[in-house]
Amino acid sequence: MNRRKLVEITGIVQGVGFRPFVYGLAHARSLSGWVCNDAHGVTLEVQGDEPALDDFLHALTHALPPLARIDRCTVTDRTVLPDERGFAIRQSQPAGDACACISPDQGACPACLADVANPLDRHYRYPFTNCTHCGPRYTIIRRLPYDRPATAMADFAMCPRCAAAYRDPLDRRYHAQPVSCPECGPQLTLRGPDGRPLAEREAALAGAVATLRDGALVAVKGMGGFHLMCDAADAAAVARLRALKRRARKPLAVLCRDRRQAEPLVQASEAEWQLALSQARPITLMRKGKAALAPNLAPGVPYLGLFFPYTPLHQLLLEGCDRPLVATSANRSGAPILTEGEAVLRELGHGLDLLLDHNRPILHPCDDSLVQIAGGRRQMLRLARGYAPWSPPLPQPLAAPVLAVGAQQKVSLALAFGRTRLYGPYLGDLGSLAMQQEFETQLALYRDLYRFRPALLACDDHPGYDTSRWAQTQADAGLSLLRVQHHHAHLLAVMAEHGITGPVNGIAFDGTGLGADGTLWGGEWLRADVHGCTRLGHLKPFRLIGGEQAIREPARLLLGWLLESMSPAAIRALRLPAIERLGEARFANLCQLWRLGRNAPYASSVGRLFDALAALLDVVETLDYEGEAGLLVEGVAMGAEPLPMAFALDEQGVFDAASLLPALLGPAPAGQKAAGFIAALADLVARLAEREPGLPLVLAGGVFQNRLLMEQVAARLPPPFLVSETLPLNDGGIAAGQLWYAIHHPDAARPGLTHE
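Here the structure is a predicted model, which means the values were calculated and not measured. (Residues numbered from 1 in each chain as written. Predicted model: local features only at pLDDT ≥ 70, side-chain atom pairs only at ≥ 80, totals over all residues. Heavy atoms only, no water.)

Asker: What exactly am I supposed to notice about the packing of aromatic side chains here?
Answerer: Across all of its chains, the model carries 13 aromatic pairs by this definition. With a centroid separation of 5.6 Å and an interplanar angle of 65 degrees, the aromatic rings of Tyr126 and Phe128 are classed as edge-to-face. Phe128 matches Tyr126 in its accessibility class, with the two residues each being buried. Both rings, one in Phe647 and one in Phe677, keep their centres 6.2 Å apart while their planes meet at 55 degrees; by these two values the pair is tilted. On the criterion of sequence distance, the pair formed by Phe647 in the loop between α20 (628-637) and β27 (648-649) and Phe677 in helix α22 (residues 670-691) is long-range, its members being 30 residues apart. What makes Phe647 buried here is its relative accessible area of 2%. Look at Phe677 and you get buried, because its relative accessible area is 0%. (Phe/Tyr/Trp six-rings, centres within 6.5 Å; stacked < 30°, edge-to-face > 60°. Buried < 20%, exposed > 50% of the residue type's maximum accessible area, 1.4 Å probe, protein only. Helix = DSSP H or I, 4+ residues; strand = E, 2+ residues; numbered from the N terminus.)

So this is what it looks like as structure tokens:
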């Protein structure tokens, strides 16, 4: 008996080979009907005898293409069409509000890399080879549905052979929107620092390879922006690169050809290798190995950020150079990633030797994702290429479209409308007009793709953040605005990832965020749910002498911490190098600021405590980047026997670090002190967990990116305890937490607030 079904599918089903997959299923079962993309996802009608139809519907949801994901599949009956013959792939239907999920860019698949390596294949050594299972998506899309005219490939007319593959439902490149070959697709151009073209195509690649092998500094246009590249073993080239980026000590990532080349550089578990070699090809933090690389790559820290080629261009470069290369985003510190050759030459050309450019436009910049394994779990440190945009579905539709804008650092956008929830890729710190413009540009993309007009906004409590000021401006124009306390949002991000609403026993350790009492928080023990939180306890506060300046000069933090329990004379008697370098006059002035409380706010911050410890151990004088002190302390602690010490914890939930000072100020080696501090922090987490045994334990905040800490927490706590694995634990997850709060707010379900 023949039946006909209408099937409507949402999820990641565009640009991932879903329609040819449907076509193949129907063709193999002699079913008739049609399939097409639309603004919501994929819609199809299919008919045939009932057993074959049932088998088709089962395979549809259980044997997906590698990059596809179904969030919702609704099946309804339709009237049988007795004269219908064959199964067709129809032209996309753009009408209606869009809600189809944008796929993240994906690393080159093995089949495409095999084509690039095969002298008999027409894609041999072609740097832009891709198929429906790999290649750019997010960075080339203009609008939905995702079809070639709506991408950066619109101006590249396909040659007959590419057109034939593009139109053949049984071909791997069917409707792969960036599909091209040397005859019809984008091409490389090698340019001098003055912009003058020097070579094209294969000669351009060969020129870049030769110069990199000779110690040069080359800007290379990739998938989501330009990289600055140089020989990772050449300290002079690395120093030039650092000077050009104005990035004194922050670690630089290393790109390796394959695992065999990478293995001498790091000590890694099999889980770390699998993560680094997954199709997303993220930068993965691994312990440094014994092989010699430039000592200024990641000075003082125990880890190396390592990743593998994710485009054929990168693969060809690495094969030609036959050595690991530094590959870091081509931008000055704090500025947006550069996506156009002219901009690279204008801003960085004076320090470059060559620029390897190509003519496929990058419509949306996207940084490289950064991950690690900590405590046996994946941690996302930067959600970007390969993973973002990430669009987990909502179980219930929203009446009001919601936008969450994050904090000040590591900003990303999070939005929800209908059943769609979307986490945008990492933007960066909004400390400049250029970065604020990137924020507006990414928001405009979602506005254009989805006709997204938020009715409800969520931002941080801190009124001085650029995101908060932007949100307040929108509220002044009539939009509803929710302010979410910073550490509550940290916990909510973990809850959102695990789909829970609370209550939970939450521990949020980070740098600083505005607390509910108007002071700076950062070492918080909270009972939280999606509606609010209660402060159960916190680190005993100490003063940040000089406010923001203290965050850059850890000796100020050390002094502020010591003054809570010691006199100035007792502190001078310790003869700590960090304090001695202040000099008598400056020391006296800082003590006076502390006494008066002038520009010396109290903070209950575990992150700042790590900074103070770094000064006490004399491993850093001034900080070059966020989190540097924690990494240096971790490096000193690695492999050392922990010196016994413990935080004092009172009945009111206040934990005091002064109890650590007798051990930390004693004669033991710095490694033992650092290891003891981290062990004491892990013990504290376990003790706080024991005080709320009936609630799920949630850990959040950038401090929990410390791998030694997470390993010791995991050893002390029985599972399950909850941390983020896909959303960043640091401020990159704040927008996701704000969004989770907002979508459970009554305004998000108010019928009067609708998606335009």
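Asker: So what exactly am I meant to see when it comes to the pairing of strand β20 (residues 456-460) here?
Answerer: Across a regular strand the side chains alternate sides, sitting on one face of the sheet and then on the other. For β20, the tally of buried residues reaches 5 of 5 residues, placing the bulk of the element in the interior. Where strand β18 (residues 393-404) meets β20, 3 bridges bridge the pair, whose relative direction is parallel. What sits directly across from Ala404, in β20, is Ala458. Sheet analysis places β20 next to strand β21 (residues 480-484), joined by 5 bridges and oriented parallel. Note on β21: the bridge partner recorded for Ala458 is Leu482. Taken together, β20, helix α12 (residues 466-476) and β21 form a β-α-β motif whose crossover is right-handed. (Pairing = 2+ DSSP bridges. Right-handed = clockwise from strand over helix to strand, strands pointing away.)

Asker: Help me out: how do you make sense of the sheet that holds β18 in this one?
Answerer: Within a beta sheet, neighbouring strands are joined by backbone hydrogen bonds and run either parallel or antiparallel to one another. Taking strand neighbours across the sheet as the criterion, the 4 strands line up as β19-β18-β20-β21 in an open arrangement whose pairing is mixed. Every other strand in the sheet has two partners, leaving β19 (414-423) and β21 as the edge strands with one partner each. Each strand axis lies, on average, 55 degrees off the axis of its neighbour in the sheet, ignoring direction. Bridge count between β18 and β19: 5 bridges; the pairing is antiparallel. When the bridges of β19 are listed, Ala404 appears paired with Ala414. The sheet contacts of helix α24 (residues 734-743) involve β18, β19, β20 and β21, and relative to β19 the element is tilted by about 155 degrees. (Axes fitted to C-alpha atoms, helices over the stretch in contact; angles between N-to-C directions. Contact = heavy atoms within 4.5 Å.)

Asker: How should the sheet that holds strand β4 (residues 69-78) be read in this particular structure?
Answerer: Strand order in this open sheet of 5 strands is β4-β1-β3-β2-β5, and the pairing throughout is mixed. Only two strands of the sheet have a single neighbouring strand rather than two, namely β4 and β5 (87-89). Strand-to-strand twist across the sheet, computed as the mean angle between neighbouring axes with direction ignored, equals 15 degrees. Sheet topology note: the strand β2 (residues 32-38)/strand β3 (residues 41-49) ladder contains 7 bridges and is antiparallel. Opposite Trp34, over in β3, you have Glu45 as the bridge partner. Contacting β1 (2-12), β2, β3, β4 and β5, helix α1 (residues 18-28) crosses the sheet at an angle of about 175 degrees to β5.

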